[in-house]
Structure formats: structure tokens, C-alpha cells
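Take a look at the letters that make up each chain.
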Number of protein chains: 2
Amino acid sequence: MPYQPLTEATVVDYVKNLPEVLSSVFLPGDTLRGVDLADGNVNLVYRVSAEQNLGRTVIVKQALPYARVVGESFPMPLERSRIEADLLQIEARYAPEFVPRLYHHDPEMYAIVMEDLNQHIIMRKGLNAQVVYPHFAQHLGVFIARTLFYTSDLYLPHEVKKEMMAKHINPGLCKVTEDLVFTHPFMEHPGNKWNAELQPEVDEIRANNSLRSEIFLLKEAFMTHAQALIHGDLHTGSIMVNERETKVIDPEFAFYGPMGFDIGAVLGNLALAYCAQPGHVEDPEKCAEYRLWLLDTIREVWNVFETEFRRLWNEELNRENWDTDEFREKYIRRLLQDTTGFGGTKMMRRILGLAHVLDLEAIPDPQRRATCESQALDIGQRWVMNRERVRSIEDLIVMIKESKAKYPYGA
Amino acid sequence: MPYQPLTEATVVDYVKNLPEVLSSVFLPGDTLRGVDLADGNVNLVYRVSAEQNLGRTVIVKQALPYARVVGESFPMPLERSRIEADLLQIEARYAPEFVPRLYHHDPEMYAIVMEDLNQHIIMRKGLNAQVVYPHFAQHLGVFIARTLFYTSDLYLPHEVKKEMMAKHINPGLCKVTEDLVFTHPFMEHPGNKWNAELQPEVDEIRANNSLRSEIFLLKEAFMTHAQALIHGDLHTGSIMVNERETKVIDPEFAFYGPMGFDIGAVLGNLALAYCAQPGHVEDPEKCAEYRLWLLDTIREVWNVFETEFRRLWNEELNRENWDTDEFREKYIRRLLQDTTGFGGTKMMRRILGLAHVLDLEAIPDPQRRATCESQALDIGQRWVMNRERVRSIEDLIVMIKESKAKYPYGA
């Protein structure tokens, strides 16, 4: 079928013509109905379910040649649909319990049909509502460790890794990250948005050449360190959860990049949630309690990651290429340092750049929000500027605990 | 023509059937003669010249599916011929005066026909004979700066660089470097060769986990840091010189790797020549004088590189992607640190691994040779272990001056 954007009216017929989807999910005689979920920033997303039983349901996700919420002025390559389908299959090889099942990939329509995670919510929304996810750290730590280790030179034969790297260049979506994470937020740029209350602080950051030069070093690492096939956009809006399960979605930013970029995305977004809590919770005790869970989760995501990564290293290392315990220790320390730098950068860009996060945006009072944002900017800067001195995850936690808003914004 | 290895008998007919070579180099009526130069380690190399005037001459270089001097037990991909032809053209775009002219590339015969550098000698041979090349540092510094800068993210549009990187993966020849430079020399391996006089020192190095872990970090950087399209084998045997000209040959190891690997190869091989001089020159004053020129050349190669690199940065930086003077300073400092680490590694592998260098091999007395080799191992270890503290090229020079043989080998 030649490319055309699907609609609520056409998506049902589209699914009806996919025998492997019908036989995997639906029963003969099911009456299908399509609903536009309109909840992606960049893609068309439809739910197609059986009227007879809403548990028989799939998601159809189709790329547009631009970002849906911005419009044609923000072009994005249709190719991202193929990348997402590829990645879902690769991730399913190493961590099947943590990704939605892929039923169908249509390279002409730039569409994929996949498992409907209608029993899960976007993690960021849960964090805003102070929900505790008791298995999240365990799940996510294992997911990151496996997807990164198994796609890296630590595991793959040298030529397989190089061919994978060449196959998974992703210039269009990498450029979005290069601009929106590492460049525009730290300069004057028409796409930037920020809380007007923060003006003096924003001006200071954009004039801070020492900070900016470190951000550029991190950007250079993002653009050149082809360590593993990373997810590339692993914030808490790309994770769907409930109290039992954790699913990582939206891998269309994937390419061979630095492992720390994925780990840092998770930790940085948990730290953003930490900063946002006083904007949502009136009771100081409840606020402190949830913040403590967030700090524990940051610590535990790293610790689970590290434990699983060490297990894989011991059991599945490509020993033709690598050796020595001391190398392993230095490698893991560098990963933590990269994680710190990328995590800090990603925190700051959510306050200074084009794309903000609900954690902070949902705080209506600008002064109260500014206090939360200012603390996040402080953590971000501490993480970036001190990353090479970091020796353990506790160092990151300490920097969070010592952080504070730069100015007294309002009361 | 289907692939078959050329011979002295067939190479003349081969050239006669290449109209663009005939018209570029030869005159109608020229009687061509082919000679097997048999001077490559891995390829067939023929000279085809006109009997009427030996100045009308070309080189025909053809890949074998294995390394010529080792035999079929050391397979090497024929693809390297295409890579060499590609690279000669790319280098010629940015630094035409420093590479041989390519007349013809034959993808079926895995052969290239190029300029005969019969007025030049392999630089390593000149260094062994204490020849001073007054323009070498200027030429080579400019060559490295231009080929690295113009193929990096500092200059290229983001998508062009990523496509170039994907096009220039080079698994077969990278694997040779990964094994022979970064792995085998630092472990027990049947391919290794070393001067028996050095046995205690060799044992110590192979048991030095701190050193080995640093070498593995450098190996990981070699395998993952896709900074620029590097030559990949830029030792003094890949450079042909006379007192006026400098030509860089043999780029078949090229791929997107760390810039410091090329710069380190040059500086490390000059330092090897420095160590070897007392094995060749009896007169201590003459020896000291030539060593001084070698130290000056190490310094000047870096300084010329840095000056040209800064000029390119100021005039041709991709300013959409990069900014800030402080970033430039940090970037250049890291380049020097990478250079130091890779240079040190490459010095050591020439003494501990499979492939040695004529500078040292040409010293007949094993004890005298061991003294030179031991000093080179000392420099290599200093460079690797101290690379992150390096701030200027003088730091490398000081480490050379302070180096010495570990044991008194013989007299």
C-alpha cells in the first residue's frame, strides 16, 4: 500500500488486511473499532480493539514526515518507523519481558502494529501522582544492562558490531538530540522556552563558557562514541508501568552511541521528578517520603544495572577481545561518569529548551515551579561539572541532596 | 576481468589495456616493462615503466586474499584495495600534495594503478641512515590536520559524516589492529616475537594489570570513538620522503576512529627511531645531534598540526554544531592526551608483538638492541600511564628525555 496517513476511519480496514495480526490477537467475527489516541508528540497512534472484548486490542503507530504536535515546519524522517520496528525486535531478543510485542511492520506505510499496553501508564504520570513502583528499578536496571551489553563490543564479534553500527546510523533523529539536548538550550535560540521567573539564572547559564564547553564535550561523545545500540530517548515518558510490569517504548531514536546516555536519561528524569515533588505535594512529610523513594530508585536502578552488567561481563564477555579485572572496574567507573554528565545535561535541557516535562509543567504557579526548576538546574550543573570525580552512585545522590534553588523564587 | 593475481609477465598487458593510464603517463610507442618490487608485507606491488624513459612509470598494487609475507594462514580482505582507492581520493581532496596520484582503480582485480614515487624512499629507511628531512614536520602536520578535521563532525554536515562513517567500516583490517596493536603484544600469544634478552621485562609488562587495563581502555576508544576518517596505519613505513616532498601511502586501514591514533602513530614511530639511534651510530656526538633533530621533529609535527587545526577550526568550523573557545582548548588537550596513549601503545607493540620495525631490527647485536628496545618500552609505558596528565607537547618530550633502559643489557 503506498504511503498515506491513516485515520480513525481507515485504520480498521488496515488492520483487517493483516492476517498475522488478526490471528495473533483477534477472533473470527470480532468487530473492530479504531480510536485516535492523539497522545504522541510526533506520530499518529491508534488503538484498534474488538467491540466484543476490549482486551483484544492492538496499537497502530504510524510515522508522519514531520512532528505531529509541531507540524510540517519540524520535519522528521519516516525512516524512524523502520528503526523502531528493528529495535523492538532486537530488544525482544535480550529483554523480551520489558518491551511491547511487535505484531507487524509495514515499511511502505511506515507503520507498526504492536501490543496495546492498556494496563500500563506512562511512568512520568505515575511519578507526578506519587505512585510507588516496587519493581521498576529491578526491571529497568536489567533492561539497560542487557540491551547495552549485548549490542556492544563487549559481547558481539567485532565484525557483527561494526555492521550493526553501520546499519543503525540515524542521522535525522540524532540531529534532533544534538540540537535540542546539547546545543539550543545553552544558547539563544528561537525554539527555546523557559519560565520567565528564571531569567537571571538562564542568562547566567548561557554565559557560562565553562559549563557550555563541558556540554560540548558531552555532545562530541554523543556524536562519536559508538559503544552500544542505545535507546536514545529513555526518559520516564518512554517507559510504561504498572505495579507489576515495566515496558520500554518508543526506541526510534536508537543508534550506536554512548551507553551512559541511556542510563543518564533514566537517572536524570527521576531526579527531575524529585525536584518537581514540592510543586505537587502540600504535605512536607509525604513529599519527603516520596522523594526518598525516588532517591532509592535512582540508587537501585544503577545498582541493579551494575550487578547485571557485571554478571554479563563475567559470563558472556567476548574473551578474545577483552580481559583483566582492572579494565572492568575502570570501564564501569567511566560508564557512571558518562551517565552523570549525560543525565545532568538532559535535566537542564528540559528547563531551558524546546521540550519540557510534565513533572514541572504541571505546576501551575510560576514561582513555585521556578523553585523546582532552579533546583533541577543546580543538580544538572553539579552532575556535568563534577562527573569526572564521581566514583560511586552515592556521589550522585549526595549532589542531589546538597542541591538547592539558586534564588528564593516567591515565598 | 575476473580476479587473478598479476605477475611480472601479465602486469604489462594489464596496464596496456587501461587507456586513462596510458594517456596520463606514457607516450604512444613506449615499450613497457614490469618489475616485481616485492616490497610490501601484504600486497603484490609492480613497477611498470617505459624502457624509453624510466621517468614514465606507474605502480600497480594488487591485494591478495592474505598477507603476502605470511601466506594463506593470515587471510586479509581483498576489499582493502577499494578502501585504499577511496581514501587516496578523499585525501587528495584535502591534502593533494601529500599523497600519490591515483590513476586507476579496478574493483574486480582489486588493483590500483598509481604514481610511482621512485624519487622518494620509505621514511623509516632514511631515519635509520640519519637523514634530516627539513620539511617533513611541516608537511605531515598539515596533512594530519586537514585529513582529520575535514572528515570529522567539526566540519562535515551531521548526516554526511554519519553516512561516511557507515560507508567506511573496515572490520577486517580493524581486527588486525585490535589484535596486533592492542591485544596480543600484552599477553601470551603464539604470534608474538621479542628479543630474548628482554625476557624479564616482557614478563613484567604482561603481568602488569594496571598497564594492561589502560591499553584496553585505549583499545575500546579505538573501537568506538568514530571521530574522523583516520589513515589507521600512519607509521614511518607508510610515509615516503625526500628532502623536498612527503607522501603518505597505504591507507587501507582507514576507518572512522580516534584522531589521536594517527598523530600517535607518527610521534611514536619517531620516538622509536630516537631509541634506535645508539644502535646505529657509533659517534656519541653524531647520535645526540640526530636525536635532537628527532625530538625537534616530534615537537614540530604536533605544533604544525595544532596550528593548522586551529586555523581550520577558526575558519571552517561547522558553527551550527559547535561553539566556545573553551571547548576548543579542551578538545585539543584531549587530542594530545589520546595521541600520547596511542603513540605509547604503538611503540610497545613493535617490540612485544608480531610486527617489528626496521629501526630496531637492523641492530644486529641483541644486547645492544635490547638497550634500545628497553628504552622504547619505558617511553611507551610513561606515555600510556601518564597520558591524562599531559598538557603540552613538552610533556611528551620530557618523558622521552627522562626515559632509560630498565636493565643494563650487556656493556
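Residues numbered from 1 in each chain as written. Chains lettered and ligands numbered in written order. Predicted model: local features only at pLDDT ≥ 70, side-chain atom pairs only at ≥ 80, totals over all residues. Heavy atoms only, no water.

S.K.: What is the right way to look at the overall build of chain A in this model?
M.R.: A count of helical and extended segments in chain A gives 15 helices and twelve strands. A compact globule built from 411 residues should have a C-alpha radius of gyration of about 22 Å, and chain A, at 21 Å, falls within 12% of that. Once the C-alpha set of chain A is aligned to its principal axes, its extents read approximately 60 × 55 × 40 Å. Sorting the 411 residues of chain A into buried and exposed places 61% on the buried side. Nonlocal contacts in chain A, meaning residues at least 24 apart in sequence, comprise 74% of its contacts between residues at least 6 apart. Carbon and sulfur atoms make up 51% of the accessible area of chain A, which totals about 15600 Å². Separation of charge centres in chain A, based on 45 positive and 60 negative side chains, amounts to 2 Å. (Helix = DSSP H or I, 4+ residues; strand = E, 2+ residues; numbered from the N terminus. Rg over C-alpha atoms; globule rule 2.2 N^0.38 Å. Buried < 20%, exposed > 50% of the residue type's maximum accessible area, 1.4 Å probe, protein only. Contact = heavy atoms within 4.5 Å. Areas by Shrake-Rupley, 256 points an atom, 1.4 Å probe, with all protein chains shown as cover. Lys, Arg positive; Asp, Glu negative; His and termini not counted. Charge placed at Lys NZ, Arg CZ, Asp CG, Glu CD.)

S.K.: What exactly am I supposed to notice about the pattern of salt bridges here?
M.R.: Any two side chains of opposite charge can pair, so long as their charged atoms come close to each other. Residue and element names in this part refer to chain A. Under the counting rule described, the total for this entry stands at 68 salt bridges over all chains. Close ionic contact of Glu-326 with Lys-330 constitutes a salt bridge, the shortest N to O distance being 3.8 Å. Within this pair, Glu-326 and its partner Lys-330 are both found in helix H12 (residues 325-352), separated by four residues, close to a single helical turn. What makes Glu-326 partly exposed here is its relative accessible area of 30%. Overall, Lys-330 belongs to the buried group, its relative accessible area being 14%. (Salt bridge = Lys/Arg side-chain N within 4 Å of Asp/Glu carboxyl O.)

S.K.: Sorry, what's going on with the packing of aromatic side chains here?
M.R.: Working definition: an aromatic ring pair is given by the centre-to-centre distance plus the angle between the planes. All names here are of chain A. Tallied over the full model, the rule gives 48 aromatic pairs over all chains. Taking the centre distance of 5.2 Å and the plane angle of 45 degrees together, the rings of Trp-302 and Phe-305 count as tilted. Note that Trp-302 and Phe-305 are positioned in helix H11 (residues 284-316) at a spacing of three residues, about one turn of the helix. Relative accessible area serves as the criterion here: at 0%, Phe-305 is assigned to the buried category. (Phe/Tyr/Trp six-rings, centres within 6.5 Å; stacked < 30°, edge-to-face > 60°.)

S.K.: I'm lost on helix H10 (residues 259-280) of chain A in this one. Help?
M.R.: Three or four residues apart is the spacing at which side chains of an α-helix point the same way, because the helix has 3.6 residues per turn. Under the 1.5 Å per step criterion, the end-to-end length of H10 of chain A is 32 Å for 22 residues, consistent within 8% with the ideal 32 Å. Most of H10 of chain A sits out of view: 20 of its 22 residues are buried. (Expected span 1.5 Å × (residues − 1).)

S.K.: What am I meant to see in the sheet that holds strand E6 (residues 102-106) of chain B here?
M.R.: Adjacent strands of a sheet pair through backbone hydrogen bonds, lying either parallel or antiparallel. Residue and element names in this part refer to chain B. The five strands are arranged E1-E2-E3-E7-E6 in an open sheet whose pairing can be described as antiparallel. Only two strands of the sheet have a single partner each, and these edge strands are strand E1 (32-36) and E6. Adjacent strand axes in the sheet meet at a mean angle of 20 degrees when their direction is disregarded. Across eight bridges, strand E2 (residues 43-50) lies against strand E3 (residues 53-63) in antiparallel orientation. Note on E3: the bridge partner recorded for Ser-49 is Thr-57. The sheet strands contacting helix H1 (residues 8-16) are E1, E2, E3, E6 and strand E7 (111-115), and the helix crosses E1 at an angle near 135 degrees. (Pairing = 2+ DSSP bridges. Axes fitted to C-alpha atoms, helices over the stretch in contact; angles between N-to-C directions.)

S.K.: Even after reading the chapter, I still don't get the interface of chain B and chain A, so can you show me in this structure?
M.R.: You'll often see interface size given as the accessible area lost when the parts meet. Counting residues at the interface gives 40 residues for chain B and 40 residues for chain A. Note on chain B versus chain A: buried area summed over both sides is about 3900 Å², and carbon and sulfur give 61% of it. At the surface where chain B touches chain A, the tally comes to ten salt bridges. In this structure, the salt-bridge partner of Glu-214 of chain B is Lys-330 of chain A, at a minimum N-O distance of 2.4 Å. The tally of links between chain B and chain A comes to 24 residue pairs in polar contact (both at pLDDT 80 or more). When contributions to the side of chain B that touches chain A are tallied by element, the ones reaching two or more residues are helix H6 (158-167), helix H7 (171-180), helix H9 (209-224) and helix H12 (325-352) of chain B. In terms of residues, the side of chain B that touches chain A owes the most to one element, H9 of chain B, which gives eleven residues. (Buried area = accessible area lost by both parts, 1.4 Å probe. Polar contact = N/O pair within 3.5 Å; in protein donor to acceptor, adjacent residues only side chain to side chain.)

S.K.: Explain the relation of the copies chain B and chain A here, please?
M.R.: Note that the two copies of the chain are related through a rotation about an axis and a translation along the same axis. In screw terms, the move from chain B to chain A is a rotation of 180 degrees and a rise of 0.0 Å along the axis, fitting with an RMSD of 0.0 Å. Taken together, the turn and the small shift mark the pair as related by a two-fold rotation axis. When you check the interface residues of chain B against chain A, 100% turn up at the interface there too, and the contact is symmetric in its surfaces. (Least-squares fit on C-alpha atoms with pLDDT ≥ 70 in both.)

S.K.: Looking at this structure, how should I read unusual backbone geometry?
M.R.: The bulk of non-glycine residues show a negative phi, and the bulk of peptide bonds are trans. Residue and element names in this part refer to chain A. Within the chain, Thr-324 stands out as a residue other than glycine whose phi angle is a positive 70 degrees. Inspection of the secondary structure assignment puts Thr-324 in the loop between H11 and H12. Since its relative accessible area comes to 7%, Thr-324 is described here as buried.

S.K.: Just to check I follow, could you spell out the packing of helix H5 (residues 136-150) of chain A against H10 of chain A for this structure?
M.R.: In a packed pair of helices, the relevant descriptors are the angle between the two axes and the axis-to-axis distance. All names here are of chain A. One way to put it is that H5 packs onto H10 with a least axis distance of 9 Å and a crossing angle of 165 degrees. Considering the angle they form, H5 stands roughly antiparallel to H10. Crossing handedness for the pair H5 and H10: right-handed. Each of Phe-136, Leu-140, Ile-144 and Leu-148 in H5 lies in contact with H10, whose residues at this interface are Met-259, Asp-262, Ile-263, Val-266 and Leu-270. Looking at the contact of H5 with H10, its residues break down into eight nonpolar, no polar and one charged. (Parallel < 35°, antiparallel > 145°, perpendicular 65-115°, else oblique. Left-handed = near helix turned anticlockwise from the far one by under 90°. Nonpolar A, V, L, I, M, F, W, Y, C, P; charged D, E, K, R; others polar.)

Treat this as a map of the structure, not an account of what it does.
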